[in-house]
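Examining the three-dimensional arrangement
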Amino acid sequence: MQAWFEKVARMFKTAFITGDRWKLYLEGLGVTLQIAVFAAILGMLIGTVLAFMKLSVRRNGKRTILAVIANIYIDIIRGTPSVLQLMIMWFIIFSSAKNGVVVAVLSFGINSGAYVAEIVRAGILAVDKGQMEAGRSLGLSKAQTMIYVIIPQAVKNVLPPIGNEFIVLLKETAIVGYVSLTDLTRAANQIASRTYDAFMPLIGAAVIYFVVIKILTVLLGILEGRLRKSDNR
Amino acid sequence: MIIVEKLHKTFEDNHVLRGVSYHVHQGEKIVIVGPSGSGKSTFLRCLNLLEIPSSGDIWFEGTRITDPKTDIDKIREHMGMVFQNFNLFNNLTIMENITLAPVKLKIMGKEEAGENALKLLERVGLKEKADAYPSQLSGGQKQRVAIVRSLAMNPKVMLFDEPTSALDPEMVGEVLEVMKGLAESGMTMVVVTHEMGFAREVGTKVLFMDEGIIMEENTPQEFFGNPQSPRLQEFLSKVL
């Protein structure tokens, strides 16, 4: 028993302490979070714009050219693997770029935007259409009713799926190793191959991902609770 | 005040309004009754262009509102509407529901709109609910707030689309009371309803709509006492 504990302690030391290896995990986590946070922001911007493009209708009720463009964008992005998108961005489109993180942010942001677009669109459509009619009947414009009535309610609708999308995005950044960025997953993998022990680094990285996402989940829960204020009965 | 000429409305292949012409004068209280699917709600919703007519024309105080060049938002400021499902803004308090349009459309300052809202709420006995959210109100209370929200814009005419149909029976009375009070104050009203008592008591004219046209129009006494068309006689025998 004691021997076993000693062995585990030794493995832990090799994986995290020796040569200040814990710094490598932290640096990796830093890269992961940087890419995830900025890609999420970019994705939300792109997604919101796409959602409104998709929702736009002409006076005769037909689809606009903007809606068609948004549809094509969403189809292409959702129809191809994100690893491939990332590699195309890095090796073809930005093949002369120096800053891999920026390219990764762009790639994941563009990817996430397609999913966010559908979430935002669904969130807006889920608001009862009587709300728009009431706004319009009072003389408010479509834009005014959107801003003061529809969007605040849509935000509540989209928060849970947006949180979900962010969590997926955060974990998906683990593929940036393909374009030689050292994120948390790649850092753990490198340590594993250097120390000839896969167990501690990989489990360690998994625990770090889990803790970060757990914190995120709790924060989202608190935010959601606040926004539900007007639903109290 | 409102002139409607040869109004038609088609949904896909469903011909809902088949040529409705009518003239609403200032101060009148027009009550529209009829079986479901007769087009009465569609007719009402055409009056402020929530439904775009397929053909025909509508004038409001001399402006042809069916003209695509007319700024319909400006017209709607003068036409209040009350919906069957209340449609209070769920994300806003009662006070914010009432003051949103007057403030954002720069008709009143925030303070003036707030005072006006409290005055109106007091009139319908809901002053203490100013800071509540719609979800905290009963159906009858919601509808009274919805009426107040429309009145806050100082409309020249009020449109009611089955205002009591979604209410529990014990709440119908409180909403009808408010509407009666409004009628007595001289408001021009167009009301689609199934409340025959209200039609008889408050209406200056009662219209019977069926199959997309106004089949009969008369004063309440004549309408209920001496119905002409067989369809109206049949309808009244079922609902009275």
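The structure we're discussing is the one just above.
About the thresholds
Residues numbered from 1 in each chain as written. Chains lettered and ligands numbered in written order. Predicted model: local features only at pLDDT ≥ 70, side-chain atom pairs only at ≥ 80, totals over all residues. Heavy atoms only, no water. Helix = DSSP H or I, 4+ residues; strand = E, 2+ residues; numbered from the N terminus. Rg over C-alpha atoms; globule rule 2.2 N^0.38 Å. Buried < 20%, exposed > 50% of the residue type's maximum accessible area, 1.4 Å probe, protein only. Contact = heavy atoms within 4.5 Å. Lys, Arg positive; Asp, Glu negative; His and termini not counted. Charge placed at Lys NZ, Arg CZ, Asp CG, Glu CD. Pairing = 2+ DSSP bridges. Right-handed = clockwise from strand over helix to strand, strands pointing away. Buried area = accessible area lost by both parts, 1.4 Å probe. Salt bridge = Lys/Arg side-chain N within 4 Å of Asp/Glu carboxyl O. Polar contact = N/O pair within 3.5 Å; in protein donor to acceptor, adjacent residues only side chain to side chain. Nonpolar A, V, L, I, M, F, W, Y, C, P; charged D, E, K, R; others polar. Phe/Tyr/Trp six-rings, centres within 6.5 Å; stacked < 30°, edge-to-face > 60°. Lys NZ or Arg CZ within 6 Å of the ring centre and 35° of its normal. Expected span 1.5 Å × (residues − 1). Arc of directions from axis to C-beta. Patch = residues over 30% accessible without salt bridge, like charges linked within 9 Å, V, L, I, M, F, W, Y side chains within 5 Å. Areas by Shrake-Rupley, 256 points an atom, 1.4 Å probe, with all protein chains shown as cover.

Helix and strand counts for chain A come out as nine helices and zero strands. The C-alpha radius of gyration of chain A comes to 22 Å, more than 25% above the 17 Å expected for a compact globule of 233 residues. On the principal axes, the C-alpha backbone points of chain A span a range of 75 × 50 × 25 Å. With 233 residues in all, chain A has 42% of them scored as buried. Summarising the internal contacts of chain A: among those between residues at least 6 apart in sequence, 71% fall at separations of at least 24. The distance from the centre of the 25 positive side-chain charges to the centre of the 13 negative ones in chain A is 6 Å.

Attention now moves to the pairing of strand E8 (residues 188–192) of chain B. Residue and element names in this part refer to chain B. The element E8 is largely enclosed, with a buried count of five among its five residues. Burial of the side chains of E8 extends over both faces: Thr 188, Val 190 and Val 192 are buried on one face and Met 189 and Val 191 on the other. Pairing of strand E3 (residues 29–33) with E8 involves four bridges; the strand directions are parallel. Across the sheet, residue Lys 29 finds its bridge partner in E8, namely Met 189. As defined by bridge partners, strand E7 (residues 157–161) adjoins E8 across five bridges and the pair is classed as parallel. If you follow Asp 161 over to E8, its bridge partner there is Val 192. Between E7 and its parallel partner E8, the chain crosses via helix H6 (residues 169–184), and the hand of that crossover is right-handed.

The side chains of a regular strand alternate, first on one face of the sheet and then on the other. Residue and element names in this part refer to chain B. Sheet topology note: the strand E1 (residues 2–11)/strand E2 (residues 14–24) ladder contains eight bridges and is antiparallel. Across the sheet, Lys 9 pairs through a bridge with Leu 17, a residue of E2. If you look at the hairpin formed by E1 and E2, you'll find two residues sitting between the two strands, and Glu 12 has a positive phi there, around 50°. Sheet topology note: the E1/strand E4 (residues 55–60) ladder contains five bridges and is antiparallel. Residue Ile 2 lies in a different strand from E4, and its bridge partner there is Phe 60.

It is worth spelling out the interface of chain B and chain A at this point. Between chain B and chain A, the residue contacts involve 27 residues of the former and 23 residues of the latter. Summed over both sides, the interface between chain B and chain A buries roughly 2200 Å², with carbon and sulfur atoms accounting for 55% of that surface. The largest per-residue losses of area from chain B upon contact with chain A belong to B:Phe89, B:Asn91 and B:Ser135, which jointly make up 23% of the total buried on that side. On inspection of chain B and its partner chain A, the count reaches two salt bridges. The shortest N-O distance in the salt bridge between B:Arg45 and A:Glu133 comes to 2.6 Å. Our count for the chain B to chain A interface comes out at seven residue pairs in polar contact (both at pLDDT 80 or more). Elements that contribute at least two residues to the side of chain B that touches chain A include exactly helix H2 (72–76), strand E6 (79–82), helix H3 (94–104) and helix H5 (139–151) of chain B. When its residues are assigned to classes, the side of chain B that touches chain A shows 14 nonpolar, seven polar and six charged.

The subject of this paragraph is the packing of aromatic side chains. Inspection of every chain in the model, using the stated rule, returns five aromatic pairs over all chains. Here B:Phe208 and B:Phe235 contribute two aromatic rings whose centre-to-centre distance is 5.2 Å and whose plane-to-plane angle is 45°, an arrangement assigned as tilted. Here B:Phe208, found in strand E9 (residues 205–210), pairs with B:Phe235, found in helix H9 (residues 230–239); they are 27 residues apart in sequence, far enough to count as distant. Judged by relative accessible area, which is 11%, B:Phe235 ranks as buried. Three or more aromatic residues joined by ring pairs make a cluster, and in this case those are A:Phe12, A:Phe16 and A:Tyr25. Above the face of the B:Phe89 ring, B:Arg149 is positioned so that its terminal group lies 4.4 Å from the ring centre. The residue whose ring lies beneath B:Arg200 is B:Phe224, and the NZ or CZ to ring-centre distance is 4.7 Å.

Residue and element names in this part refer to chain A. In this model, helix H3 (residues 65–78) (14 residues) spans 20 Å end to end at C-alpha, consistent with the 20 Å of a helix rising 1.5 Å per residue. Of all the positions in H3, only Ala 67, Ala 70, Asn 71, Ile 74 and Ile 77 are classed as buried. Along the axis of H3, the buried positions cluster into a sector of 140°, meaning they face one direction only. Away from the buried face of H3 by more than 90 degrees, exposed residues Ile 65, Asp 75 and Ile 76 are located. Those residues of H3 that are buried lie in contact with helix H2 (22–55), helix H4 (82–93) and helix H5 (100–125).

This next bit is on a nonpolar patch on the surface. The grouping of A:Phe199, A:Ile203, A:Val207, A:Phe210, A:Val211, A:Ile215, A:Val218, A:Leu219 and A:Ile222 at the surface amounts to a nonpolar patch, some 870 Å² of accessible area in total. Within the secondary structure, A:Leu219 sits in helix H9 (residues 199–227).

Residues and elements named next belong to chain B. Tallied over the full model, the rule gives 19 salt bridges over all chains. Between Glu 122 and Lys 127 there is a salt bridge, with the nearest N and O atoms lying 4.0 Å from each other. Its salt-bridge partner being Glu 201, residue Lys 180 comes within 3.5 Å of it at the nearest N-O pair. With a gap of 21 residues between them, Lys 180 in helix H6 and Glu 201 in helix H7 (residues 196–202) connect regions that are remote in the sequence. Connected via shared salt-bridge partners are Asp 210, Arg 231, Glu 234 and Lys 238.

Within the chain, A:Ser180 stands out as a residue other than glycine whose phi angle is a positive 55°. Take A:Ser180: it is sitting in the loop between helix H7 (142–172) and helix H8 (184–195). The phi dihedral of B:Leu49 is positive, around 60°, even though this residue is not glycine. Mapped onto the secondary structure, B:Leu49 falls in the loop between helix H1 (40–47) and E4.

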